[in-house]
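# An overview of the molecular structure
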Amino acid sequence: MIVLGADHGGVSLKESVKKYLDSAKIEYRDLGTFDGQSVDYPPIAAQVGHTVADGKAEKGILFCGTGIGMSIAANKVDGVRAVVCDNDYCTEKARSHNNANILCLGGRVLDEEKAIALTKIFLGTEFEGGRHQRRVEEITAIENGKL
Ligand code: RB5
């Protein structure tokens, strides 16, 4: 299961990505927002972040105007590795090298086609492990005050 969240700057792109998830029969939970009314992004990022960090969703996708605010906020939740991506290469590496578990997309940056392409890469790329496992564990060590 994938968990989704957006502010007003990302809500329209969230709807576009949902259309793709529906067509691909990928299960998701949408935590809102559901219209264009201005809302603050940090509480939504926190809800999605906790859902992923608690293992209630395999991955998350967050949408705001740029993707930046959502990623900064979501990364405050221990266990979250949120990434802002706008190209295929970084999205692939975010999964294969960084084991990113939340993708943040900019509703004022990306068109629908690109957002869906990045979503496919994010959901379809496995973490490589190996030397990257150690590095991801070192990120967790920072959260635990060990580094
Ligand atoms: C809202 O106008 C905008 O600041 C927000 O969507 C996001 O881009 C923040 O990073």
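Our subject is the structure listed above.
Quick look at the structure, then. As the structure is a prediction and not an experimental result, all values here were calculated from the model.

### With respect to the side chain of T33
With respect to the element layout, T33 can be found in the loop between strand 2 (28–30) and helix 2 (41–53). Under the relative-accessibility criterion, T33 is labelled buried at 12%. Every residue in contact with T33, bar those within four places of it in the chain, is listed here: A6, D7, H8, V11, K14, V39 and I44.

### Section: the nonpolar core
I61, F63, L103 and L105 are the most contacted members of the largest nonpolar core, which has 21 residues in total. Of all elements in the fold, only strand 1 (2–6), helix 1 (11–23), strand 3 (59–64), strand 5 (102–106) and helix 5 (112–124) reach the threshold of two or more residues within this core. The leading source of residues in this core is helix 5, at five residues. Ignoring anything within four residues of it in the chain, the contact list for L103 reads G60, I61, L62, V83, C85, T91, L118, T119 and F122. The next biggest cluster of nonpolar side chains, apart from the first, holds 17 residues, and it includes A74, A82, I102 and C104.

### Some words on the sheet that holds strand 4 (residues 82–84)
An order of 2-1-3-5-4 is seen for the five strands of this open sheet, with the pairing classed as parallel. At either end of the open sheet lies a strand with only one pairing partner, and these are strand 2 and strand 4. Shown here is a sheet whose adjacent strand axes are inclined to one another by a mean of 20°, direction ignored. Where strand 3 meets strand 5, five bridges bridge the pair, whose relative direction is parallel. Residue pairing across strands places C64 opposite G106, the latter belonging to strand 5. Seen against the sheet, helix 2 touches strand 1, strand 3 and strand 5 and runs at an angle of roughly 170° to strand 1.

### A word on helix 4 (residues 88–96)
Those residues of helix 4 that sit buried are T91, A94, R95 and S96. Against strand 3, strand 4, strand 5, helix 5 and helix 6 (131–143) lie the buried residues of helix 4. By the N-cap criterion, in which a side-chain oxygen at the helix start approaches the backbone nitrogen of a residue two or three places on, helix 4 is capped by N87, the distance to Y89 being 3.2 Å.

So, how was this worked out
Residues numbered from 1 in each chain as written. Predicted model: local features only at pLDDT ≥ 70, side-chain atom pairs only at ≥ 80, totals over all residues. Heavy atoms only, no water. Helix = DSSP H or I, 4+ residues; strand = E, 2+ residues; numbered from the N terminus. Buried < 20%, exposed > 50% of the residue type's maximum accessible area, 1.4 Å probe, protein only. Contact = heavy atoms within 4.5 Å. Core = buried A, V, L, I, M, F, W, Y, C linked by side-chain atoms within 4.5 Å. Pairing = 2+ DSSP bridges. Axes fitted to C-alpha atoms, helices over the stretch in contact; angles between N-to-C directions. Polar contact = N/O pair within 3.5 Å; in protein donor to acceptor, adjacent residues only side chain to side chain.

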